[in-house]
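Tertiary structure, described
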Number of protein chains: 2
Amino acid sequence: MQEKVLGVLGGVGPLATVYFADLVIKMTDAKTDQEHIPMVILNHASIPDRTAYILDRTKPDPLPVMVSDAKKLERDGCDCIVIPCNTAHYFYDAMQQSVRIPILNILEETVAYAEKTVPNLRCIGILATEGTVASGAYQTVIQKHGLDYRLPTTEDQASLMHIIYDQVKAGEKADICEFLRIVGALKKAGCEAVVLGCTELSVIRKDFSLTQPELVDSMECLARASIRFCGKRLREPAQADTHLE
Amino acid sequence: MQEKVLGVLGGVGPLATVYFADLVIKMTDAKTDQEHIPMVILNHASIPDRTAYILDRTKPDPLPVMVSDAKKLERDGCDCIVIPCNTAHYFYDAMQQSVRIPILNILEETVAYAEKTVPNLRCIGILATEGTVASGAYQTVIQKHGLDYRLPTTEDQASLMHIIYDQVKAGEKADICEFLRIVGALKKAGCEAVVLGCTELSVIRKDFSLTQPELVDSMECLARASIRFCGKRLREPAQADTHLE
């Protein structure tokens, strides 16, 4: 059987991209180098900021660079593309139209996983960048699944952006108390699950070893989908994966 | 100024490759995504095992795949190539001849850094795979610098291979006591510095937060050289970098 090659359109941000590749390797059931999924990773750090453009169309448009990278991954022999950046999925349709290989959708994978693993799920809290929230992408997918959603208050959203941009992306330690306060507020507002819909938030979850099952990590959902697409087995399948797939 | 793109010929092994990319990002002085070094990473996990081929030429030859990957990196616009695998440098000359862009040499960078940072250095201990040791590559570079070297005993070398292959590459926890015993034996044999000349050993150094200055980490030396080549600044320059560069 021909091995499937995973194309990672990264750089958005660079650290989250590397953490994503690390997750795929650690979650793959492999005992030797050669059993791992072959990957081509474009960590094109200079892609213009996605949130900046979504909120203000006079800012540099990241789409042309991302389309050019997607085509490069296709030309390099990748069988599918993943983009470990939720905000970049604002451009999902345009990007999928630019290549013939499938682009796995981090938002679809995340909401489907929440639905499968969180008991009695009715309402999902969305933690994401202002760009992702403004694009309405998660809201649309959640409603398509017949579920409800909650967003942080305007103040909490600003605080979350500070954590993502001025702490995680800047290589500083995140303010974990403030982060967990924002999560708690969404749970108090009636959410059974809270989506970490920004890969920098996945980095926080890893750095502080947060294991609460109601935190649905979009990066981990995309890693799981990548391993499945490439025909490999998960190292330690979560119960949901064993029972329901 | 046109940005320089770093090409990473990885997969040798996959985990060490990702750790290398992580190191480059963490060691780069950058406050936003866009200030990081753009990278193309080929994590071609199925490259045949290097040590197996060096010790037994009837085994699959990894060179053709590695040359093809090097050419792919050149075609994708990379300005230089790094190979975060010491053993693969057995093929260094053949690979450098196959591309026009420079391939940074992990062995040269590591020995030069040891010479620069370890006071009164006369003798270097070599911890590496059997393939690297058998190729004599580190021995040659060390002697070129007018230094002496020591190798582990045959028993210790076998034990080190067990740690690299059956523990780190297999995703298991390394036997840190045994590892430090082997390091200690080299120091007792007269080495002022011990080179971690296998990227899996760099993973151990990170996992157990080993900070002894006499452990010269080849992966970190290659990351430092990459950042310098790409015209970026180190985040927290070691004293040696500040004084001597």
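Data block above holds the structure.
Remember, predicted model here, so these are calculated numbers, not experimental data. (Residues numbered from 1 in each chain as written. Chains lettered and ligands numbered in written order. Predicted model: local features only at pLDDT ≥ 70, side-chain atom pairs only at ≥ 80, totals over all residues. Heavy atoms only, no water.)

Next up on the list: the environment of A:Asp93. With respect to the secondary-structure elements, A:Asp93 resides in helix H4 (residues 92-98). Between the C-alpha atom of A:Asp93 and that of A:Ile103, which follows or precedes it by ten residues, the distance is 9.5 Å. (Helix = DSSP H or I, 4+ residues; strand = E, 2+ residues; numbered from the N terminus.)

Here the focus is the sheet that holds strand S5 (residues 148-150) of chain B. Residue and element names in this part refer to chain B. As summarised here, the arrangement of the four strands in space is S5-S4-S6-S7, forming an open sheet in which the pairing is parallel. Either end of the sheet is taken by a strand with one partner, and the two such strands are S5 and strand S7 (215-217). Averaged over all neighbouring strand pairs, the angle between strand axes comes to 30°, with direction disregarded. The sheet contacts of helix H5 (residues 106-117) involve strand S4 (123-127), strand S6 (193-196) and S7, and relative to S7 the element is tilted by about 145°. (Pairing = 2+ DSSP bridges. Axes fitted to C-alpha atoms, helices over the stretch in contact; angles between N-to-C directions. Contact = heavy atoms within 4.5 Å.)

With 38 residues of chain A at the contact, the number on the chain B side is 38 residues. Surface buried jointly by chain A and chain B totals about 2900 Å² across both partners, of which 50% is contributed by carbon and sulfur atoms. The largest share of the area that chain A buries against chain B comes from A:Val18, A:Asp33 and A:Gln34, three residues that together contribute 20% of it. At the boundary of chain A and chain B, one finds eight salt bridges. For the salt bridge of B:Arg75 with A:Asp76, the shortest nitrogen-to-oxygen distance reads 2.7 Å. Linking chain A with chain B are eleven residue pairs in polar contact (both at pLDDT 80 or more). When contributions to the side of chain A that touches chain B are tallied by element, the ones reaching two or more residues are helix H1 (14-27), strand S2 (39-43) and helix H3 (63-75) of chain A. Per-element tally for the side of chain A that touches chain B: the top contributor is H1(A), with seven residues. Tallied by class, the residues present in the side of chain A that touches chain B amount to 17 nonpolar, eight polar and 13 charged. Across five bridges, S2(A) lies against strand S2 (residues 39-43) of chain B in antiparallel orientation. Within S2(B), the residue paired with A:Val40 across the bridge is B:Leu42. (Buried area = accessible area lost by both parts, 1.4 Å probe. Salt bridge = Lys/Arg side-chain N within 4 Å of Asp/Glu carboxyl O. Polar contact = N/O pair within 3.5 Å; in protein donor to acceptor, adjacent residues only side chain to side chain. Nonpolar A, V, L, I, M, F, W, Y, C, P; charged D, E, K, R; others polar.)

Attention now goes to the state of the cysteines. All names here are of chain B. Applying the stated criterion across every chain yields a total of zero disulfides over all chains. Considering cysteine sulfurs only, Cys-230 is the nearest to Cys-80, which forms no disulfide, with 5.0 Å between them. When its relative accessible area of 0% is taken as the criterion, Cys-80 is described as buried. (Disulfide = S-S within 2.5 Å. Buried < 20%, exposed > 50% of the residue type's maximum accessible area, 1.4 Å probe, protein only.)

Of all hydrophobic cores here, the largest spans 130 residues; its most connected members are A:Leu6, A:Leu127, A:Phe179, B:Leu6, B:Leu127 and B:Phe179. Discounting chain neighbours no more than four positions away, the residues touching B:Leu6 are B:Phe20, B:Val24, B:Ile37, B:Pro38, B:Met39, B:Val40, B:Cys78, B:Cys80, B:Val82, B:Ser226 and B:Cys230. Within the second largest apolar cluster, 44 residues are counted, among which are A:Tyr53, A:Met66, A:Cys85 and B:Phe91. (Core = buried A, V, L, I, M, F, W, Y, C linked by side-chain atoms within 4.5 Å.)

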